[in-house]
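# An overview of the molecular structure
If you want the building blocks of each chain, they are given just below.
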Amino acid sequence: MGTDFAFLARQKRITLDMRDYYIDLLFYHRRLKRLVAIDLKLGEFEASYKGQMELYLRWLKKYEKVEGENDPIGLILCTGKNQQHIELLELDKSNIRVADYLTSLPPKELLEAKLKQSIEAVRQQLEYGEED
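Reference entry: report on the structure contained in this document. (Residues numbered from 1 in each chain as written. Predicted model: local features only at pLDDT ≥ 70, side-chain atom pairs only at ≥ 80, totals over all residues. Heavy atoms only, no water.)

So, about the nonpolar core. Grouped together as the largest cluster of nonpolar side chains are 21 residues, with contacts concentrated most on Ala37, Phe45, Met53, Leu60, Ile76 and Val98. No other element matches the six residues that helix H1 (residues 48-63) contributes to this core. With near-sequence residues (within four places) excluded, Ala37 lies in contact with Ile23, Leu25, Leu26, Met53, Leu57, Leu60, Ile73, Gly74 and Leu75. Counting residues in hydrophobic clusters, the runner-up holds 12 residues, among them Phe27, Ile73, Leu75 and Leu115. (Core = buried A, V, L, I, M, F, W, Y, C linked by side-chain atoms within 4.5 Å. Buried < 20%, exposed > 50% of the residue type's maximum accessible area, 1.4 Å probe, protein only. Helix = DSSP H or I, 4+ residues; strand = E, 2+ residues; numbered from the N terminus. Contact = heavy atoms within 4.5 Å.)

To continue, consider unusual backbone geometry. Even without being glycine, Asp17 reaches a positive phi, approximately 50°. Relative to the helices and strands, Asp17 is located in the loop between strand E1 (5-16) and strand E2 (19-29). A relative accessible area of 80% places Asp17 in the exposed class. Here Met18, not a glycine, exhibits a phi torsion of approximately 65°, which is positive. Residue Met18 is classed as exposed on the basis of its relative accessible area of 82%.

Okay, the pairing of E1 next. The pairing of E1 with E2 spans 10 bridges and is antiparallel. Opposite Leu16, over in E2, you have Arg19 as the bridge partner. Linking E1 back to E2 in an antiparallel pair, the connection comprises two residues, with Asp17 at a positive phi of about 50°. (Pairing = 2+ DSSP bridges.)

Let's shift gears to the environment of Phe5. Note on placement: Phe5 falls in strand E1. Residues Phe5 and Lys116, spaced 111 residues apart in sequence, show a C-alpha to C-alpha distance of 8.7 Å. Contacts of Phe5, omitting those with residues within four sequence positions, involve Phe27, Tyr28, His29, Leu115, Lys116 and Ile119.

Taken in spatial order, the five strands make up an open sheet running E1-E2-E3-E4-E5, and their pairing is mixed. Looking at which strands have only one partner, the edges of the open sheet turn out to be E1 and strand E5 (96-100). On average, adjacent strands in this sheet sit at an angle of 30° to one another, irrespective of strand direction. Most of the contacts of H1 go to strand E4 (residues 73-78), to which it runs at about 150°, and overall it touches E1, E2, strand E3 (34-40), E4 and E5. (Axes fitted to C-alpha atoms, helices over the stretch in contact; angles between N-to-C directions.)

A word on the packing of aromatic side chains. In total, this model carries three aromatic pairs according to the counting rule given. When the ring of Trp59 is compared with that of Tyr63, the centres are 5.3 Å apart and the planes differ by 45°; the resulting orientation is tilted. Highlighted residues: Trp59 and Tyr63, both in helix H1, separated by four residues, approximately one helical turn. Note on Trp59: relative accessible area 12%, which makes it buried. (Phe/Tyr/Trp six-rings, centres within 6.5 Å; stacked < 30°, edge-to-face > 60°.)

Below is the structure:
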């Protein structure tokens, strides 16, 4: 069994109103049939990160999503998650998740496992949400 992720871009440039933005990492998940945007942040999670990721996801949905794909999801990686911020911003009701990252590079296997774990958690939440 091969990997479910296909790497698409690093520092994916998008332009809105003549202003450039960069999605840190962009993947495609074969089983979920959706783009996965990853934003790497220094420091703890801040509320403004949600708006930035929403902009990226809406741009990807409008310009990159193809027929038969599900809406893109976003993962914001920070050195710390402010749980109250995440709860009040209702990230659990969106296609955005926040996860901690380590300050030193872990082995490739651990990084892949963590990424798969995060995507699986999102997939399960989306499945349960669709049944409501």
